[in-house]
Amino acid sequence: MTGSAQLASGERVLLFDRKDRRYVITLAAGAEFHSHTGIVAHDAIIAAGEGGRVRTTGNAEYTIMRPTLSDFVVKMPRGAQVIYPKDLGAILMLADVSPGARVFESGVGSGALSMTLLRAGADVVGYEIREDFRNRAIGNIESFLGADAFDRYRVELRDAYDGIDESGFDRMVLDLPEPWQVAPHAVDAMRPGGILVAYTPSVAQVMQLRAALQRLPFTMIATLEVLHRGWYVEGEAVRPDHRMVAHTAFLTHARLLAGPGPERPVAAGDKSGH
Ligand code: SAH
C-alpha cells in the first residue's frame, strides 16, 4: 500500500487539480485519463511517480498521490450510503478497535466501515441482508486492501434482527435502521466488557436505542455527534469554511456488563467526558 514513489500499472492513484477536484483512477499502461481539462497518458503518471505532477492536453496540472483510506471511501463504488471518514475515525476510537479484536458488524453496506475495521487489524464478521451490497463491499475491500484481508473477514447474508449465531465478540458496530433489535442479541454474542457502537442518523433512533440499552445489561451509555468544520486559510482571510456537512449521524456507545444480574448499576448517562 505504501511503497516507493515509483508507481506501477494496476495501482490506484488520486489525481487532484488546483481547485481540489479529485479523481481516483487505476493505472494501466497505454491507457488515458480523460477529464474536462483534457487528456493525460497513464504512462506519464507512472513516469512522474507519487508526489509528482502531470499536465493534461488542455494544460491543467494534476498532482499524483496514492489515495488514503479516506480518499478511497468517498470515491469508491457504493450502493448503500457509506459512513464518512469523520465518523469512521471516531468509531475506531469509541469501539477501541485493536489488532486481533473480534468485531461484529451489521449491515455491511458498501464496506466503508468494514475496511476501516480491517485496516485497524480487527477480525470482522458482518451480517448483511442484501446480496448486491455484500458483493459490492467485498469488491471494494479487495480493491483497497487486497485479497489477504479475507483471512480476517467474512460476510453472512442474513438479518441481524433474527439473532447472532456466534459469541465471544469483543466489539459490535451497528449501522442499520433498528439497532435496538440487535442490542438484545449483543448480550449473548459479546463478551462482558465488550463495546457496542451504533451509528444512527435520527434522534428518534437514538431514543429507541437508548431505551433498549437501558433495559439490557449495558453501562457507560453515551451518545455524541462529530462535527467536522474545515477552515479557509488564505493570507489574512482565515475563517471557517462557508459550507460544511452539518449532519451525518449520532454515535451511541455502551459497554456490556457481566450477566444480567439484579444488582447491576443503572446506566450512568453521559459521563464519558466527551
Ligand atoms: N456501514 C456501511 C453502510 C451500511 S448501510 C458502510 O460504511 O459502507 C446499512 C446496511 O444495512 C444496508 O446495506 C442494508 O442492506 C443493511 N441492513 C438493513 N437492515 C439489516 C438487517 N436487519 N440485517 C442485516 N443488514 C441490514
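You'll find the structure just up there.
Now for a description of the structure that goes with this document. (Residues numbered from 1 in each chain as written. Predicted model: local features only at pLDDT ≥ 70, side-chain atom pairs only at ≥ 80, totals over all residues. Heavy atoms only, no water.)

## Examining the packing of helix α4 (residues 112-119) against helix α5 (residues 131-145)
Close contact between α4 and α5 brings their axes to 9 Å; oriented N to C, the two are set at 40°. Between α4 and α5, the angle falls in the class oblique. The crossing of α4 and α5 is right-handed. Facing α4, whose interface residues are S114, M115, L118 and R119, α5 presents N140, I141, F144 and L145. (Axes fitted to C-alpha atoms, helices over the stretch in contact; angles between N-to-C directions. Helix = DSSP H or I, 4+ residues; strand = E, 2+ residues; numbered from the N terminus. Parallel < 35°, antiparallel > 145°, perpendicular 65-115°, else oblique. Left-handed = near helix turned anticlockwise from the far one by under 90°. Contact = heavy atoms within 4.5 Å.)

## A short note on the site of the ligand
Close contacts around the ligand come from 24 residues, with E128, F133, D159, A160 and D175 the closest. Backbone polar atom of S110 to an oxygen atom of the ligand: 3.2 Å apart, as the coordinates give it. Here I129 contributes a backbone N or O atom positioned 3.4 Å from a nitrogen atom of the ligand. Here the ligand has 580 Å² of accessible area as a free molecule, and 91% of this is covered by the chains. (Near = heavy atom within 4 Å. Polar contact = N/O pair within 3.5 Å; in protein donor to acceptor, adjacent residues only side chain to side chain. Areas by Shrake-Rupley, 256 points an atom, 1.4 Å probe, with all protein chains shown as cover.)

## Regarding the pairing of strand β11 (residues 190-200)
In terms of residue burial, β11 counts as a mostly covered element, since nine of its eleven residues are buried. One ladder, built from five bridges, connects strand β10 (residues 169-174) with β11; its direction is parallel. In the strand pairing of β11, L174 is matched with A198. A crossover connection joins β10 to the parallel β11 through helix α6 (residues 183-189); in handedness this β-α-β unit is right-handed. (Buried < 20%, exposed > 50% of the residue type's maximum accessible area, 1.4 Å probe, protein only. Pairing = 2+ DSSP bridges. Right-handed = clockwise from strand over helix to strand, strands pointing away.)

## Thoughts on the pairing of strand β6 (residues 61-65)
Relative to β6, strand β1 (residues 12-16) runs antiparallel, the two sharing three bridges. Directly across from L15, in β6, lies its bridge partner I64. Here strand β5 (residues 53-55) runs beside β6; their pairing, made up of three bridges, is antiparallel. Residue pairing in the sheet places R55 in a bridge with E61 of β6. Hairpin remark: β5 followed by β6, antiparallel, with five residues in the connecting loop; positive phi at N59, about 65°.

## Details of helix α7 (residues 203-215)
Relative to the 18 Å expected for 13 residues at 1.5 Å per residue, α7 spans 19 Å between its end C-alpha atoms, a close match to the ideal helical length. Inspection of α7 places Q205, V206, L209, R210, A212 and L213 among the buried residues, and these make up the whole buried set. The arc that holds every buried residue of α7, seen down its axis, measures 165°, which confines them to one face. Structural note: α7 exposes M207 and R215 on the side pointing more than 90 degrees away from its buried face. Packing partners of the buried residues in α7 comprise α6, β11, β12 (218-224) and β15 (250-256). (Expected span 1.5 Å × (residues − 1). Arc of directions from axis to C-beta.)

## Digging into the sheet that holds β5
Spatial ordering of the open sheet is given by β2-β1-β6-β5, a layout of four strands whose pairing is antiparallel. Each edge of the open sheet is held by one strand with a lone partner, namely β2 (22-26) and β5. The mean inter-strand angle of the sheet, taken between neighbouring strand axes irrespective of direction, is 30°.

## Focus on helix α3 (residues 85-94)
Along α3, the positions that sit buried rather than exposed are K86, D87, L88, A90, I91 and L94. Tucked inside the fold, the buried residues of α3 contact α2 (69-75), α4, β10, β11, β12 and β15. Directly after α3, the chain includes D96, whose backbone phi takes a positive value near 50°.

Scope: geometric values only; no functional claims are made or implied.
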